[in-house]
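# A closer look at the structure
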Amino acid sequence: MTTRILIADDQEDIRSGFRLILDSQPDMTVVGEAADGETAVALARELRPDVVLADIRMPRLDGLEVTRLLAPQTRVVVVTTFDLDEYVHTALRNGACGFLLKRSGPALLIEGVRAAMAGDTLISPQITVRLLSRLTQAGPVAARPAAHPLTEREVDIVQLVARGLTNAEIGAELFISAGTAKTHIANVQAKLRARNRVGIAAWAWEHGIAKAETDTL
């Protein structure tokens, strides 16, 4: 099946860029664009897309209100420049299926759409790391016993995922290719039964494996 997508963003160049990225996927097609929140809601109700990508700051209605009006009947993924905790909490409370930063890149945008279709919620790793870090500041998470199914290299991978690094950044850090890093992450997900990178990061914090460098993000 082809995933039908509506893009809502007040910047034409952003909409064009997203359309180019998503239409390049064999299982995705952009069926409409909106430059403001009211138009986004009207088009979503008319076109019935599978996923709506909504910016937060738009004229007439912002992305948070668009999410509230459309979810859960329509899957909404918030894609924005602004990563304030208040926005993240409100978007998820309003039923968003994801919260992505525009700077996260094309791969995460595509993954966010696929996660929404799979019934999952994808949040940009940078945001997840910050939220988990603040969560532990209220009371440090006790390290679990060291026994786990990961190899030493996979532990290295997990620590870097927990810092919010991309596949390319992980590859550069460990002197491996981005493709090899991606393969390691897929193996880690299978072993930990984690749905995505967010689940890997959460596991790292829960088991005391995340390194202190995350505090600086």
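Here the structure is a predicted model, which means the values were calculated and not measured.

## Re the nonpolar core
If you look at soluble globular proteins, the nonpolar side chains tend to sit buried side by side. In this structure, Leu150, Val158, Ile170 and Ile200 are the most contacted members of the largest nonpolar core, which totals 22 residues. Elements that contribute at least two residues to this core include exactly helix 7 (152-162), helix 8 (167-174), helix 9 (178-192) and helix 10 (197-206). The element best represented in this core is helix 7, accounting for six residues. With near-sequence residues (within four places) excluded, Ile170 lies in contact with Ile157, Leu160, Val161, Leu165, Ala181, Ile185 and Arg197. Counting 19 residues, the second largest nonpolar core, distinct from the first, contains Ile5, Val30, Val77 and Leu109.

## A short note on the confidence of the model for the protein chain
When pLDDT is averaged across the protein chain, the result is 86; 88% of the residues are at 70 or more. In this model residues 140-145 is a low-confidence stretch, pLDDT under 50, and it forms eight contacts with partners more than four residues away in sequence or in other chains. Contacts from residues 212-217, a stretch scored under 50 in pLDDT, to residues over four places away or in other chains number 10 contacts.

## Notes on the sheet that holds strand 4 (residues 75-80)
Across a sheet, strands are paired by hydrogen bonds formed along the backbone, either parallel or antiparallel in direction. The strand order across the open sheet formed by six strands is 2-1-3-4-5-6, and the pairing between neighbours is parallel. Edge positions in the sheet fall to strand 2 (28-34) and strand 6 (122-123), since each has one partner strand and no second. The pairing of strand 5 (residues 98-101) with strand 6 spans two bridges and is classified as parallel. Note on strand 6: the bridge partner recorded for Phe99 is Ile123.

## Some details on the side chain of Gln25
When you line up the elements, Gln25 lands in the loop between helix 1 (12-23) and strand 2. Once residues within four sequence positions are removed from consideration, Gln25 is found in contact with Ile110 and Arg114.

Quick notes on the rules
- Residues numbered from 1 in each chain as written.
- Predicted model: local features only at pLDDT ≥ 70, side-chain atom pairs only at ≥ 80, totals over all residues.
- Heavy atoms only, no water.
- Core = buried A, V, L, I, M, F, W, Y, C linked by side-chain atoms within 4.5 Å.
- Buried < 20%, exposed > 50% of the residue type's maximum accessible area, 1.4 Å probe, protein only.
- Helix = DSSP H or I, 4+ residues; strand = E, 2+ residues; numbered from the N terminus.
- Contact = heavy atoms within 4.5 Å.
- pLDDT = per-residue confidence, 0-100.
- Pairing = 2+ DSSP bridges.

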